Amino acid sequence: MAGAAAIAAVPACAAPRKDPAVTPPLPKTPPAGPSASASAAPSAPSSPAARSGPRPLFLGTYTSGDGGGKGIGVAAYDPATGEITGGGVVTGVENPSFLAVHPDGRTLYAVDEQTAGAVTAVRLPENEVLGSRSTGGAGPCHLSVHPSGRWLLSANYASGSVAVHPVGASGALGERTDLVAHTSPAPGPGQQGPHAHQFVTAPDGGHLLAVDLGTDTVYTYRLDETRGTLTEVSRARTRPGAGPRHLTFHPGGRYAYLADEVADTVTVCGYDPATGRLSVGEPQSTGTGGGTNYPAQLLVTPNGSYAFLANRGHDSLTRYAIEAGGARLRLLDTVPVGGDFPRHIALSPDGRLLFAANQRSGTVTVFEVDQESGGLRRTGEPFASPLAVCALPL
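Residues numbered from 1 in each chain as written. Predicted model: local features only at pLDDT ≥ 70, side-chain atom pairs only at ≥ 80, totals over all residues. Heavy atoms only, no water.

Engineer: I'd like a rundown of the pairing of strand β3 (residues 84-90), residues and numbers included.
Structural biologist: Inspection of the sheet shows strand β2 (residues 72-77) paired to β3 by six bridges, in the antiparallel sense. By the bridge assignment for β3, Tyr-77 is matched with Ile-84. Hairpin connection, β2 to β3: the antiparallel pair is bridged by six residues, and Gly-82 has positive phi, about 85 degrees. (Pairing = 2+ DSSP bridges. Helix = DSSP H or I, 4+ residues; strand = E, 2+ residues; numbered from the N terminus.)

Next comes the structure, spelled out in structure tokens:
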């Protein structure tokens, strides 16, 4: 999800590159080793009664830039009001710009977005760093956990490749089992090479999709769940110069939505679960007018009725109504995000709260989501978090 894909990226400019003038350069030092310190964090409640109390919130940041963080931010939020309270930091992870959690909720994973890219596992709730593994590429900016919980998928933005790591019983990562570089098609207009920005599992569980901003392509793979290797099965080309950054599926599993960072558009795509083939539709407006804007990420509400788009530059959230069973997005309006350069947005597990990580202002803003109308209402004051680029509420 960074200029190396968000959760993230490479905004458009004369020669599009990752978040111009706002993302610190990738350091030349290797990722930090497994030794680390961690502040205490709220544990994930295990009983229904406990869920009424504070919930964990983890924050991704850059550690190598001026005013950057010290590691993975640890906070808590009130699921009723959205109020965020500070907690601490998990140190020993360089540039943890994107975060994901294991399906069992016991392990947190972070990218180490730097030249010698790595991924790191953190045991919860102790916040114990279990160690890091090389991604085999530069600038990893996105990761996700396969629904089986046995494989970690990551995208190397700067080198345009995707990687697979095995996940052990403890949540720790094993050595990489595969690495696939996007060597074709040729880079799109203004791009110098491939830029893998996202790597996720489709709702059918049988296909993995890699969104590459540099080649204007979404690649579909099958994962050998015994060996952890990838086999490409199809490619979907967007318009030249679209710069696709982030893909989100409708809960029905037959449609997906692409945020096109360079073209400042969104695109509805059809999806065939049997083949993993994605069919790219026509571009649609982000509703942000004619100014400079870099769409970052799309979210879909759990009921499949509304979608939200984070706009960097316009500094807003675009609201769409989802119609025709997921086949159509209808632009409703844009809502000020209350921060500068919203790099990542996330819904709370129940879908009632939306968190926006605002990179330039170093804040996280929270919105209540109306379950009937899809309306957004800001709640509370922005929470300060240095170079906030990812918010992960559990």
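Engineer: I'd love a proper account of the sheet that holds strand β23 (residues 328-336), names of residues and values included.
Structural biologist: The strands making up a sheet associate through hydrogen bonds between their backbones, and the pairing can be parallel or antiparallel. Taking strand neighbours across the sheet as the criterion, the four strands line up as β20-β21-β22-β23 in an open arrangement whose pairing is antiparallel. Every interior strand has two partners, whereas the edge strands, β20 (294-300) and β23, have only one. Between one strand axis and the next, the sheet turns through 25 degrees on average, direction left out of account. Note: strand β21 (residues 306-312) against strand β22 (residues 316-323), six bridges, orientation antiparallel. Of the residues in β22, the one forming a bridge with Ala-307 is Tyr-320. (Axes fitted to C-alpha atoms, helices over the stretch in contact; angles between N-to-C directions.)

Engineer: Explain the nonpolar core residue by residue, including any values.
Structural biologist: Of all hydrophobic cores here, the largest spans 25 residues; its most connected members are Phe-58, Ile-72, Leu-99, Leu-108, Tyr-109, Leu-143 and Leu-152. Elements supplying a minimum of two residues to this core: β2, β4 (99-101), β5 (107-112), β6 (118-123), β8 (140-145) and β29 (390-393). Of the residues forming this core, the biggest block, four residues, is contributed by β5. Once you skip the residues sitting within four places of it in the chain, Leu-108 turns out to touch Phe-58, Ile-72, Leu-99, Ala-100, Thr-120, Ala-121, Val-122, Leu-124 and Leu-392. Membership of the second largest hydrophobic core comes to 16 residues, among which are Val-337, Ile-345, Leu-347 and Phe-367. (Core = buried A, V, L, I, M, F, W, Y, C linked by side-chain atoms within 4.5 Å. Buried < 20%, exposed > 50% of the residue type's maximum accessible area, 1.4 Å probe, protein only. Contact = heavy atoms within 4.5 Å.)

Engineer: A description of the sheet that holds β2 should follow, citing residues and the corresponding values.
Structural biologist: The strand order across the open sheet formed by four strands is β3-β2-β1-β29, and the pairing between neighbours is antiparallel. Every other strand in the sheet has two partners, leaving β3 and β29 as the edge strands with one partner each. Pairs of neighbouring strands in the sheet enclose a mean axial angle of 25 degrees, with direction left out of account.

Worth remembering: the numbers are spatial, not functional.
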